[in-house]
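Structure assessment
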Amino acid sequence: MQTRDWDQMDDEAFRLEVRKFFQQQFPEHLRYPPHHLSWAQTKDWYKKLYAQGWAAPAWPKEWGGMGLNGSKMLIFIEEQERHGVARTPDMGIILLGPLLIRFGNEEQKKEILPSTLSGDFIWCQGYSEPNAGSDLAGLKTEAVLDGDEYVINGSKIWTSYAMDATHMFILVRTDKAAKKQEGISFLMLRMDTPGITVRPIKNLLGVEVFAQVFLDNVRTPARWLVGKPNQGWTMAKALLGFERISIGSPKLAQAGLEKLEQVARQQGLMKDPAFVDRYNQLRLDVADLGSTYGRFAEIVKRGGTLGPDVSMLKILATETYQRLTELTLEAAGDAGGLAGKVDFNGMPIDILSPFYMARPSTIYGGSNEIQRNILSKNVLNLPG
Amino acid sequence: MSQEDTNQMLRDAVGGFAARDTSIARVRALRETDPGFDRAVWKKIADAGWTGILVPEKFGGAGLSLPEMAAVLEEFAKTLSPEPLNAVSSLAALTLSGGDNEALQARLLPQIAAGDLIAAVAWQESESGIDPAAIETTAKEAAGGYALSGSKRFAVPFGADAYLVSAKGQGGVIVACVDKSAKGLTVDSELRADGTRVARLKLDNVQVAKADIVASAGAGARALGQAIDQTTILAGAELLGVMSRALEITLDYMRTRVQFDRPIGSFQALQHRAVDLFIQKELSFSVLRDAHIHLAQDADALALWASRVKSRCSEAGMRIGRESIQIHGGIGFTDECDIGLYLKRAMVLSAWLGNGAVHRRRYAALAPALEAA
């Protein structure tokens, strides 16, 4: 494993090194996957990243991460997107690791972080519930302390990678009397604990990437409570900023624009002024999304903290991408109803997968309606 | 001093002007008058130095560049003042300094900077759109100069002291400086949505001496093209100012107007609408900011950025103007409510120098193919 001081390297040299590695090492057939890939499909790639010392770019070096600053972290993500590097089941790396490093105790870090980094522990996130979606703080899954164990009852849903996961980090209610945000704790548990049932959910693409997880008297050791009891909400919320800027990257929309152009050319639509005007509007929207992303990236690069206005980036990126996939479907004409790769004069193009993929992007990570509520309250200062 | 500090200083200075030298009552009083602005206020604007921001130092200006002028114009536009700061101190001044007659520059630019000369560029005709070369007005070589014949529209402002007129000469477009009292020149006005006026010119064999040629056939098209594109970006800054203030006023109204025993700003339908307007304003800010960053490094991309900026800012300005009326309800449709003044200025600025749709098409024609992006 390499431990290098990336801070010493200038940004462009770093970009080229990362790009070269992805180009040479990432398996060609996994580039730009139409949906999340499973651990079985991505395990070899993950092991390669791990051997390179690049499995956890944002973690500090003392825990085996690359210790990248904001600027280099953005470059790392941008180069992943540029090459179409697929996500692995990375909840432990992206979400749990930073949370433990900030809020966990030494024993927890020693027990959890190395095994998570090596890929021996695969994590899923237990936040949403059937009756706690946008109103996440209304979650009802309950944990009761019994000796040196918590006993958990309830159910979690939209749990990505639940079928691959060896472990789950979970938000549970530990104080029913408190205000709803103030009675929530953050626990970890093993997925092979008795009482856990995983029911995969098939999505609109026809694939099972998320699941509902039922917890029936599931026992987990009390030492796996992170932070103090009833502080789970604050800890989970503290880590949202960076997620919103990476959802807000213009790369997906740029790729969508290229696909739209391909389809439109095959369909002879570039001579149709009505189509071309809508296409041009989207080109400008993608360009201006890029300029807006640049503003927020600049803040991260300077080491600044993102404010609540970053919510606009998520709205822009996801809704622009949706409109691109919608116009692509329309441009495809009759072929817009065909599943899988469709033959356009010898060129195979998948029309429906991007359209489907764009749907949940305005729902997950705080729906776009919730993002608008945040902007209204915290940026425009409109009354509640 | 950093550019950010300079810009903040300039913004503060415009804030002082707004508090002292202009008001919405003044703006209302000047509507539909002749010429539609106040020369005494123009002199104050000149004394503050804003008419000379883009004029080179050797000609009595400050020799600054687009970001500084944009900062001033954005704040100035918030006041809705009808004085033609962008048209004269950007478009006319840049056309002059982009030309190839240094003696004329030395004569006119100091007067523009000092506020003593109000010049309007007459580059458009009824059918010409925003292509400065697509014109019918002719310049025939005559004794010691040119004779101009044709007609011009949309020159800002009406009531200028001199018009910088484009015409087709042998070998290309020339720009000639024509005094308002020149023989053979007729100047009429057309009223704009916001109560200001644009000039409509008829030129019947107007004699112009060589000494008054701003740009010869070799330099005219380029001088005009550059000046128009830079002014177009600055019009985007003006639109940003207008839409920002319109949105502030609308948000204030949402916080205070009570219906159903609650401020209407507490209703989610209106909140989400306001957020979408805010996002349009932010996109306008983003693209302007990026234009300044990129043009500092690559001036060749000027036309592309001008179209990106104007397309976004025109559309956003119009949308915020229109929806602000809706959010105000019935009062928003009355002349006494100020919000309508902002919509009307947005309409004028959107249409000026090419509207959003025109620049969307121009952007598409200029933008590199996607594969290269």
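Per-chain numbering applies: the sequence of each chain, read as written, is numbered from 1 onward. Going through the entries in the order they are written, you letter the chains from A and number the ligands from 1. The model is predicted, so local features are restricted to residues of pLDDT at least 70 and side-chain atom pairs to those at 80 or more, both for listing and for counting; the totals for chains, interfaces and linings are taken over all residues. Only hydrogens and water are removed before side-chain values are computed, so all heavy atoms of the structure are retained for them.

A few words now on the overall build of chain A. Numbering of helices and strands runs from the N terminus; a helix is a DSSP stretch of H or I covering at least four residues, while a strand is a stretch of E covering at least two. Along the backbone of chain A there are twelve helices and ten strands. When we talk radius of gyration, it's over C-alpha atoms, and the globule rule is simply 2.2 Å times the number of residues to the 0.38. Against the globule reference of 21 Å for 384 residues, chain A gives a C-alpha radius of gyration of 22 Å, in line with a compact fold. Referenced to the eigenvectors of the C-alpha coordinate spread, the extents of chain A come out at roughly 75 × 45 × 45 Å. For every residue, the accessible area (1.4 Å probe, protein chains only) is compared with the maximum for its type, and the residue is labelled buried under 20%, exposed over 50%, or partly exposed between those bounds. Buried residues in chain A amount to 50% of all 384 residues. Here a residue-residue contact requires only that any non-hydrogen atoms of the pair lie within 4.5 Å. Long-range pairs, those at least 24 residues apart, make up 71% of the contacts in chain A between residues at least 6 apart in sequence.

Pairing is possible between side chains of opposite charge, provided their charged atoms come close. Residues and elements named next belong to chain A. Salt bridges are identified by distance alone: a Lys or Arg side-chain nitrogen within 4 Å of an Asp or Glu carboxyl oxygen. On inspection of all chains with the given rule, the structure shows 52 salt bridges over all chains. Between E12 and R15 there is a salt bridge, and its shortest N-O distance comes to 3.4 Å. Highlighted residues: E12 and R15, both in helix α1 (residues 11-25), separated by three residues, approximately one helical turn. Among the charged side chains, a network of salt bridges with common partners joins E12, R15, R19, E78, E79 and R82.

The next thing to look at is the environment of E315 of chain B. Residues and elements named next belong to chain B. If you trace the backbone, E315 turns up in helix α9 (residues 302-328). Spatially, the C-alpha atoms of E315 and A221 are 28 Å apart, while their sequence positions differ by 94 residues. Counting of polar contacts relies on pairs of N or O atoms within 3.5 Å, with two restrictions inside protein: one atom must be capable of donating a hydrogen and the other of accepting it, and residues adjacent in sequence are counted only when both atoms are side-chain atoms. A distance of 3.3 Å separates a polar atom in the side chain of E315 from a polar atom in the side chain of R360.

With that settled, consider the layout of surface pockets. Points on a 1 Å grid, built from protein atoms alone, make a cavity when a 1.4 Å probe fits but cannot get out and make a pocket when they are open with protein on both sides within 12 Å along at least 5 of 7 lines; residues with an atom within 4 Å of a point are the lining residues. Grid points are joined across faces, edges and corners, and a volume is the space filled by probe spheres set on the points. Here the second largest pocket defines a volume of roughly 1200 Å³. Every residue lining the second largest pocket is counted, 37 residues in all, and those nearest its centre are Q3, P67, R289, H292 and I293 of chain B. When contributions to the lining of the second largest pocket are tallied by element, the ones reaching two or more residues are α9 (273-301) of chain A together with α1 (3-20), α4 (66-78), α7 (220-256), α8 (268-297) and α9 of chain B. If one sorts the elements of the lining of the second largest pocket by residue count, α8 of chain B sits on top with seven residues. When grouped by side-chain class, the residues that make up the lining of the second largest pocket number 19 nonpolar, seven polar and eleven charged. Each domain's extent was defined by an automatic or database domain assignment. Inspection of the lining of the second largest pocket shows a minimum of three residues originating in each of domain 1 (3-117) and domain 3 (221-372) of chain B. Side-chain classes follow a simple rule in which Ala, Val, Leu, Ile, Met, Phe, Trp, Tyr, Cys and Pro form the nonpolar group, Asp, Glu, Lys and Arg form the charged group, and the remainder, Gly included, forms the polar group.

This next bit is on empty space enclosed by the protein. Residue and element names in this part refer to chain B. Inspection of the entire model under this criterion finds five cavities of 30 Å³ or more. Put simply, the largest cavity is a space of about 240 Å³. For the largest cavity, the lining is made up of 23 residues, of which P82, E83, P84, V156 and R192 are closest to its centre. Elements represented by at least two residues in the lining of the largest cavity include exactly α4, α5 (85-98) and α10 (339-351). When grouped by side-chain class, the residues that make up the lining of the largest cavity number 13 nonpolar, four polar and six charged.

Between chain B and chain A, the contact holds 33 residues from the first and 32 residues from the second. Both sides together, the interface formed by chain B and chain A hides about 3000 Å², and carbon and sulfur atoms give 57% of it. Counting across the chain B and chain A interface gives six salt bridges. Two residues, D288 of chain A and R308 of chain B, come together in a salt bridge whose shortest N-O distance is 2.7 Å. Our enumeration of links across chain B and chain A arrives at 17 residue pairs in polar contact (both at pLDDT 80 or more). Using a 1.4 Å probe, buried area is obtained as the accessible area two parts lose upon being combined, added over both of them.

The next point concerns unusual backbone geometry. Cis geometry is adopted by the peptide bond preceding P35 of chain B, which originates at D34 of chain B and carries an omega value of 10°. When you line up the elements, P35 of chain B lands in the loop between α2 (24-30) and α3 (39-47). Between V156 of chain B and P157 of chain B the backbone carries a cis peptide bond, its omega angle lying at 0°. Counting through the fold element by element, P157 of chain B comes out in the loop between β3 (145-155) and β4 (162-169). Positive phi, normally seen in glycine, also occurs at N217 of chain A, with a value near 50°. Tracing the backbone shows N217 of chain A in strand β7 (residues 210-221). Given the relative accessible area of 46%, N217 of chain A is considered partly exposed. Its identity is not glycine, yet L80 of chain B carries a phi of approximately 60°, on the positive side. Relative to the elements of secondary structure, L80 of chain B occurs in the loop between α4 and α5.

Pairs of aromatic rings are described using the distance from one ring centre to the other and the angle between the two planes. All names here are of chain A. Each Phe, Tyr or Trp ring (for Trp, its six-membered ring) is paired with any other whose centre lies within 6.5 Å, and the angle between the two planes then decides the class: stacked below 30 degrees, edge-to-face above 60, tilted in between. With the rule as written, the count across this model stands at 20 aromatic pairs over all chains. Seen in terms of ring centroids, F21 and F22 are 6.2 Å apart; in terms of plane orientation they differ by 55°. Their pairing is tilted. Residue classification places F22 among the buried positions, given a relative accessible area of 1%. Ring geometry for F169 against F186: centres 5.8 Å apart, planes inclined by 15°, an arrangement best described as stacked. Placement of F169 in strand β4 (residues 167-173) and of F186 in strand β5 (residues 184-190) is noted, with a sequence separation of 17 residues between them. An aromatic cluster of three or more residues is present, and its members are W6, F14, F21, F22, F26, W45, W54 and F76. Should the NZ of a Lys or the CZ of an Arg lie within 6 Å of a ring centre and within 35 degrees of the ring normal, that charge is described as sitting over the ring. Positioned above the aromatic ring of F355 is the side chain of R359, whose terminal nitrogen or guanidinium carbon lies 4.7 Å from the ring centre.

Moving on to the confidence of the model for chain B. pLDDT: the predictor's confidence for each residue, scored from 0 to 100. Averaged over all residues, the pLDDT of chain B equals 96, while 99% of them reach at least 70. Among the prediction metrics, the complex's ipTM stands at 0.93, with pTM recorded as 0.93.

A separate point is the side chain of S376 of chain A. Here S376 of chain A shows up in helix α12 (residues 368-379). You can call S376 of chain A buried: its relative accessible area is 1%. Apart from the residues within four sequence positions on either side, S376 of chain A is in contact with N381 and L382 of chain A together with Q271 and V275 of chain B.

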